[in-house]
Amino acid sequence: MAAAGAPEAAAGVLLELRGIGAGYGSMQVLWDIDLSVGEGEHVVILGANGAGKSTLLRVALGLLPLMRGTIRLRGEDVSGLRTDRRVAQGIGFMTEVGVFPELSVRENLLLGAYRLGRRQAQANLERTYEGFPLLAKFRSRSAGSLSGGQRKLVGVAKVLMGDPSLIVMDEPSSGLSPVAVQEVLDVLRRIERSDAALLIAEQNTAFLDLAQRAVVIEGGRNRFDGTVAQLRDDAALTRAYFGIE
Ligand code: ATP
């Protein structure tokens, strides 16, 4: 048993970012950010436009190099590892767009399983069609011909096709009507019942309902890290993000 006051054990930590500094060219936009996601844990990164959420996700995925800091995946330093190697270790990424519009629904879904063998990919495709009958119906249509909400559904299903242990999503609500946002939330609630961990960058506080923990980024720095209940108890943050006293 850990002694009282002992440092938090690393066991169960899936993704850990420590002291992250990053930016574009000579312009630094993230300073000393810490973030961790436990196995199966659901974390929402909340922040206003330009706070640095997308940049932080890009760094976590290896799409943007670090200026400072360390990234560990299951305790192993992956700070210099290429994106495809991180994906091969079980990270699935859904960008704001989420799909390749010119490809069919089926082609998009199969791309999500590119690192798996053909047989596994086919089995996952069948599982996806069973779980999302709408996608079976639209399998031959181009993703770009679907509504915004339907496209996000393809994006979520595409990520799930890869059997990730961590799903990273950049603003799944972006560009959607309030009704479509609710539909996306319904789909994500299904992920809640799987073992996958979830890391979602969002401005929409409705996504906090999916999470156990929230991290607030302001001006490229950590402003808050705690449970969703603790966030709701913080008067200043509640005013800033929920628009209520
Ligand atoms: P949003 O919700 O608007 O996407 P965000 O919190 O995701 O905001 P980022 O997109 O990470 O914020 O942007 C953080 C800062 O980095 C902003 O000042 C932005 O202008 C800048 N930035 C983002 N992408 C680039 C880029 N490709 N080149 C230069 N600056 C960038």
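Everything below is about the structure printed above this text.
Just so we're clear, the structure is a prediction, and the values are computed from it rather than from any experiment.

> When you look at the sheet that holds strand S4 (residues 68-73) in this model, what are you seeing that I'm missing?
In a beta sheet, neighbouring strands pair by backbone hydrogen bonds and run either parallel or antiparallel. One open sheet accounts for four strands, arranged S2-S1-S4-S5; its pairing is antiparallel. The sheet is open, and its two borders are formed by strand S2 (27-38) and strand S5 (76-77), each paired with just one other strand. Examined bridge by bridge, strand S1 (residues 13-24) and S2 share eight bridges and lie antiparallel to one another. Paired with Leu15 across the bridge in S2 is Val37. Along the sheet, helix H1 (residues 53-61) makes contact with S1, S2 and S4, crossing S1 at roughly 120 degrees.

> Can you walk me through helix H3 (residues 105-112) in this structure?
Note on helix geometry: an α-helix contains 3.6 residues per turn, so any two residues three or four positions apart are oriented the same way. All of the buried residues in H3 are Val105, Asn108, Leu109 and Gly112. Looking down the long axis of H3, one finds its buried residues gathered within 95 degrees of arc, a one-sided arrangement. At its buried positions, H3 is contacted by helix H4 (118-131), helix H5 (133-137) and helix H6 (148-161).

> Which parts of the structure should I look at to understand the sheet that holds strand S8 (residues 197-202)?
An order of S6-S7-S8-S3-S9-S10 is seen for the six strands of this open sheet, with the pairing classed as mixed. Two strands close off the open sheet at either side, each with one partner strand: strand S6 (91-94) and strand S10 (221-227). Averaged over all pairs of adjacent strands, the angle between their axes in this sheet comes to 15 degrees, without regard to strand direction. The pairing of strand S9 (residues 213-218) with S10 spans six bridges and is classified as antiparallel. Paired with Val216 across the bridge in S10 is Phe224. Here H1 sits on the sheet and contacts strand S3 (42-46), S6, strand S7 (166-170), S8 and S9; the angle it forms with S7, its principal contact strand, is near 145 degrees. Along the sheet, H6 makes contact with S6 and S7, crossing S6 at roughly 170 degrees.

> Teacher, can you tell me more about unusual backbone geometry here?
In most cases, non-glycine residues show a negative phi, while peptide bonds are predominantly trans. The phi dihedral of Asp32 is positive, around 55 degrees, even though this residue is not glycine. Locating Asp32 in the fold gives a position in strand S2. We note that Arg74 has phi near 50 degrees; this positive angle belongs to a residue other than glycine. Within the secondary structure, Arg74 sits in the loop between S4 and S5. In this structure Arg74 comes out as partly exposed when scored by relative accessible area, which is 42%.

> Help me understand the nonpolar core, please; the structure alone is not making it clear to me.
Nonpolar side chains in soluble globular proteins tend to end up buried together. Leu109, Leu135, Met169, Leu188, Ile200, Phe207 and Leu231 are the most contacted members of the largest nonpolar core, which has 46 residues in total. In terms of residues, this core owes the most to one element, helix H7 (residues 178-192), which gives seven residues. The residues touching Leu231, leaving out its near neighbours within four places in the chain, are Leu46, Leu208, Ala214, Val216, Phe224, Leu237, Thr238 and Phe242. Among the nonpolar cores identified, the runner-up in size contains 30 residues, and Leu57, Val78, Ala201 and Val215 belong to it.

Rules used throughout
- Residues numbered from 1 in each chain as written.
- Predicted model: local features only at pLDDT ≥ 70, side-chain atom pairs only at ≥ 80, totals over all residues.
- Heavy atoms only, no water.
- Pairing = 2+ DSSP bridges.
- Helix = DSSP H or I, 4+ residues; strand = E, 2+ residues; numbered from the N terminus.
- Contact = heavy atoms within 4.5 Å.
- Axes fitted to C-alpha atoms, helices over the stretch in contact; angles between N-to-C directions.
- Buried < 20%, exposed > 50% of the residue type's maximum accessible area, 1.4 Å probe, protein only.
- Arc of directions from axis to C-beta.
- Core = buried A, V, L, I, M, F, W, Y, C linked by side-chain atoms within 4.5 Å.

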